[in-house]
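# A closer look at the structure
Here are the chains, one letter per residue:
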Amino acid sequence: MRNQNKPINLFEIIAETNRRNIIDLLRTRPRSVGELVESSQLSQPGVSKHLRILREAGLVTISKDSQKHIYHLRAEPLVEIDNRLEPYRQVWSNKLDALEQFLDEEE
């Protein structure tokens, strides 16, 4: 169980490959645990562990459909990561623009 006194670090949470894969699957549509197990290399307990972590981070919500729990992606917390990466995007964009200009001049 997560230490309740430690703030959630979304970078740490999405750094884990299996959690990123689950997020990618949920990005296309909500899914049950069974569907996530079928689409991954993980066991049901493994998928459930990652879903718990994603739920605690606010990245997924659960609804109930008969006997199934359906997981939905909440993209809003990812805005924080997007905002932190924005300055770096500008750096890379400038470098790519300079490379494009250099290559055009070489032709």
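Preceding this paragraph is the structure being described.
In short, a report on the structure. (Residues numbered from 1 in each chain as written. Predicted model: local features only at pLDDT ≥ 70, side-chain atom pairs only at ≥ 80, totals over all residues. Heavy atoms only, no water.)

### Description of the environment of isoleucine 13
- As for its position among the elements, isoleucine 13 is in helix α1 (residues 10-15).
- On a C-alpha basis, the gap between isoleucine 13 and leucine 59 in space is 9.8 Å, while along the polypeptide they are 46 residues apart.
- Discounting chain neighbours no more than four positions away, the residues touching isoleucine 13 are Ile8, Arg19, Ile53, Leu54, Ala57 and Leu59. (Helix = DSSP H or I, 4+ residues; strand = E, 2+ residues; numbered from the N terminus. Contact = heavy atoms within 4.5 Å.)

### As for the packing of helix α2 (residues 17-28) against helix α4 (residues 44-56)
- Where α2 contacts α4, the axes come no closer than 10 Å and their chain directions differ by 80°. Judged by the angle between their axes, α2 and α4 are roughly perpendicular. Together, Asn18, Arg19, Ile22, Ile23 and Leu26 of α2 and Val47, His50, Leu51, Ile53 and Leu54 of α4 make up the contact between the two elements.
- Classifying every residue of the contact of α2 with α4 gives seven nonpolar, two polar and one charged. (Axes fitted to C-alpha atoms, helices over the stretch in contact; angles between N-to-C directions. Parallel < 35°, antiparallel > 145°, perpendicular 65-115°, else oblique. Nonpolar A, V, L, I, M, F, W, Y, C, P; charged D, E, K, R; others polar.)

### Remarks on the side chain of arginine 19
- Structurally, arginine 19 can be placed in helix α2.
- Despite being buried, arginine 19 has no salt bridge partner; glutamate 16 is the closest side chain of opposite charge, sitting 4.6 Å away.
- Look past the residues within four positions of arginine 19 in its chain and what remains in contact with it is Glu12, Ile13, His50, Ile53 and Leu54. (Buried < 20%, exposed > 50% of the residue type's maximum accessible area, 1.4 Å probe, protein only. Lys, Arg positive; Asp, Glu negative; His and termini not counted. Salt bridge = Lys/Arg side-chain N within 4 Å of Asp/Glu carboxyl O.)

### Re the pairing of strand β3 (residues 68-73)
- Two elements, strand β1 (residues 31-32) and β3, share two bridges in a ladder whose sense is antiparallel. Paired with arginine 31 across the strands is tyrosine 71, a residue of β3.
- As paired strands, strand β2 (residues 60-65) and β3 are joined by six bridges and run antiparallel to one another. Among the inter-strand pairings, aspartate 65 is bridged to a residue of β3, identified as lysine 68.
- Joining the antiparallel neighbours β2 and β3 is a turn of two residues, in which serine 66 adopts a positive phi near 60°. (Pairing = 2+ DSSP bridges.)

### Here we look at the nonpolar core
- Ile13, Ile22, Leu26, Leu36, Leu51, Leu54 and Leu59 are the most contacted members of the largest nonpolar core, which totals 18 residues.
- Setting aside its immediate chain neighbours within four residues, isoleucine 22 contacts Leu36, Val47, His50, Leu51 and Leu54. (Core = buried A, V, L, I, M, F, W, Y, C linked by side-chain atoms within 4.5 Å.)

### Remarks on the side chain of arginine 31
- Its location among the elements puts arginine 31 in strand β1.
- Here arginine 31 occupies a buried position and makes no salt bridge, while the nearest side chain of opposite charge, glutamate 35, is found at 5.0 Å.
- Of note is the side chain of arginine 31, whose polar atom sits 2.9 Å from the backbone oxygen of leucine 25.
- There is a polar contact of 3.0 Å between the side chain of arginine 31 and the side chain of threonine 28.
- Beyond its immediate chain neighbours, meaning those up to four positions away, arginine 31 contacts Leu25, Leu26, Leu36, Ser39, His69, Ile70 and Tyr71. (Polar contact = N/O pair within 3.5 Å; in protein donor to acceptor, adjacent residues only side chain to side chain.)

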